[in-house]
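Structural description and commentary
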Number of protein chains: 2
Amino acid sequence: METEALLPPMPGQRLARGVCRALRQLDFVTVEELVPTPGLRVDVMALGPKGEIWIIECKSSRADYMTDQKWRGYLEWCDRFFWAVDGDFPIPLLPEASGVIIADAYDAAILRMGPDTPLAPSRRKVMLQKFARHAALRLQGLRDPNFNAFSLV
Amino acid sequence: METEALLPPMPGQRLARGVCRALRQLDFVTVEELVPTPGLRVDVMALGPKGEIWIIECKSSRADYMTDQKWRGYLEWCDRFFWAVDGDFPIPLLPEASGVIIADAYDAAILRMGPDTPLAPSRRKVMLQKFARHAALRLQGLRDPNFNAFSLV
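Just so you know, these numbers come straight off a predicted model, no measurement behind them. (Residues numbered from 1 in each chain as written. Chains lettered and ligands numbered in written order. Predicted model: local features only at pLDDT ≥ 70, side-chain atom pairs only at ≥ 80, totals over all residues. Heavy atoms only, no water.)

1. A closer look at the environment of A105 of chain A
Residue and element names in this part refer to chain A.
- Residue position: A105 is located in the loop between β5 (99-103) and β6 (108-112).
- Separated by 87 residues in the primary sequence, A105 and G18 place their C-alpha atoms 4.5 Å from one another.
- Dropping the residues within four chain positions of it, A105 is found in contact with L7, R14, R17, G18 and R21. (Helix = DSSP H or I, 4+ residues; strand = E, 2+ residues; numbered from the N terminus. Contact = heavy atoms within 4.5 Å.)

Listed below in structure tokens is the structure:
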């Protein structure tokens, strides 16, 4: 049985956990906190069974959303963009042209698909490589914690 | 300080750990036990900074090597193929045309490069996708252990 102590400490991380669980049911795999380019760090990057690349930004509150100045910068790094918010979030605040996911720490549901804006093949290849490196580095950090796998990231 | 208790239990896994550490120093990222196609499971698959895909088979003893009937099947899934063995292994036993890495649980060194046989672009893309999915799934399994991320693999 899961206890509260096992939940990620930050509200945004809890939403991210639920998002990652739900996306897995759609046969997507996910990583958190990937940096597509210096200065940007996405909450969740998802890779679909056909190579789809989605970015999901998790907003735990209206204030969290209103202070995000960077989100438009994420659009060029994915095929689809989504906000993930909890059930209390004022959805009309979100731009109509972006996807919406309702999430909690345990699961999530897509309320509205983000528009499909396919990446150019060269950028898709770069993003797939970044995703693979990010996931493998963090995995090595967990399976061999005495080795500083991040020293050369 | 690292203790013996933290080492992987199997001799081949210990070699794999040293191989993964050494490859990291060359800016490669790695996963273990990836399945490129049903019936094949590679010990280490490595992804290089320029997208290079290497496979490394870890052999803990002469007997372990002599009973491997499948290794030629790995060649078509990588740009370079290597054996990883410990310092006591009789190197002349290994095919002259394959790469050799000398490893222990802590580090490794490339003794002989495997020949460069570049993958076709379509297969490279497939392998990069498999690598990314494998790494992300196992990472999710570790960061969210209460969720059965492998149910749909």
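2. Considerations on the relation of the copies chain A and chain B
- Its rotation angle being 180°, the transformation that places chain A on chain B also includes 0.0 Å of axial translation and leaves an RMSD of 0.0 Å. Here the transformation between the copies is reduced to the relation of a two-fold axis. For chain A, the smallest separation between a C-alpha atom and the rotation axis is recorded for A132 of chain A, amounting to 2.1 Å.
- Counting the interface residues of chain A, we find that 100% of their copies in chain B are interface residues as well, pointing to one common contact surface. (Least-squares fit on C-alpha atoms with pLDDT ≥ 70 in both.)

3. Remarks on unusual backbone geometry
- A positive phi is found at D27 of chain A, a non-glycine position, where the angle reads about 70°.
- Structurally, D27 of chain A is set in the loop between α1 (11-25) and β1 (29-34).
- A positive phi angle, near 60°, is found at E33 of chain B, a position not held by glycine.
- Within the fold, E33 of chain B resides in strand β1 (residues 29-34).
- On the accessibility criterion, E33 of chain B (38% relative accessible area) is partly exposed. (Buried < 20%, exposed > 50% of the residue type's maximum accessible area, 1.4 Å probe, protein only.)

4. So, the packing of aromatic side chains
All names here are of chain B.
- Inspection of every chain in the model, using the stated rule, returns 16 aromatic pairs over all chains.
- Seen in terms of ring centroids, F28 and W54 are 4.3 Å apart; in terms of plane orientation they differ by 40°. Their pairing is tilted. Taken as a pair, F28 in the loop between α1 (11-25) and β1 and W54 in strand β3 (residues 53-59) lie far apart in primary sequence, 26 residues in all. No difference in accessibility class separates F28 from W54, as the two residues are buried. (Phe/Tyr/Trp six-rings, centres within 6.5 Å; stacked < 30°, edge-to-face > 60°.)

5. Quick notes on the sheet that holds β5 of chain A
All names here are of chain A.
- Taken in spatial order, the 6 strands line up as β1-β2-β3-β4-β5-β6 in an open sheet, and their pairing is mixed. Looking at strand neighbours, the two that pair on one side only are β1 and β6, the edges of this open sheet. Recorded for the sheet is a direction-independent mean angle of 30° between the axes of neighbouring strands.
- Pairing between strand β4 (residues 80-85) and β5: 4 bridges, direction parallel. Counted as the bridge partner of V85 is I102 from β5.
- Across the sheet, α1 touches β1, β2 (42-47), β3 (53-59), β4, β5 and β6, and the angle it forms with β3 is around 145°. (Pairing = 2+ DSSP bridges. Axes fitted to C-alpha atoms, helices over the stretch in contact; angles between N-to-C directions.)

6. So, the pairing of strand β4 (residues 80-85) of chain B
Residue and element names in this part refer to chain B.
- Burial runs high along β4: 6 of the 6 residues are buried.
- Neither face of β4 is exposed, since R80, F82 and A84 on one face and F81, W83 and V85 on the opposite face are all buried.
- Alignment of β3 against β4, held across 6 bridges, turns out to be parallel. Residue pairing across strands places I55 opposite F81, the latter belonging to β4.

7. Describing the environment of L7 of chain A
Residues and elements named next belong to chain A.
- By the element assignment, L7 lies in the segment before α1.
- The sequence separation of L7 and W71 amounts to 64 residues, and the corresponding C-alpha distance is 26 Å.
- With residues up to four places along the chain from it excluded, the contact list for L7 reads R14, R17, A105 and Y106.

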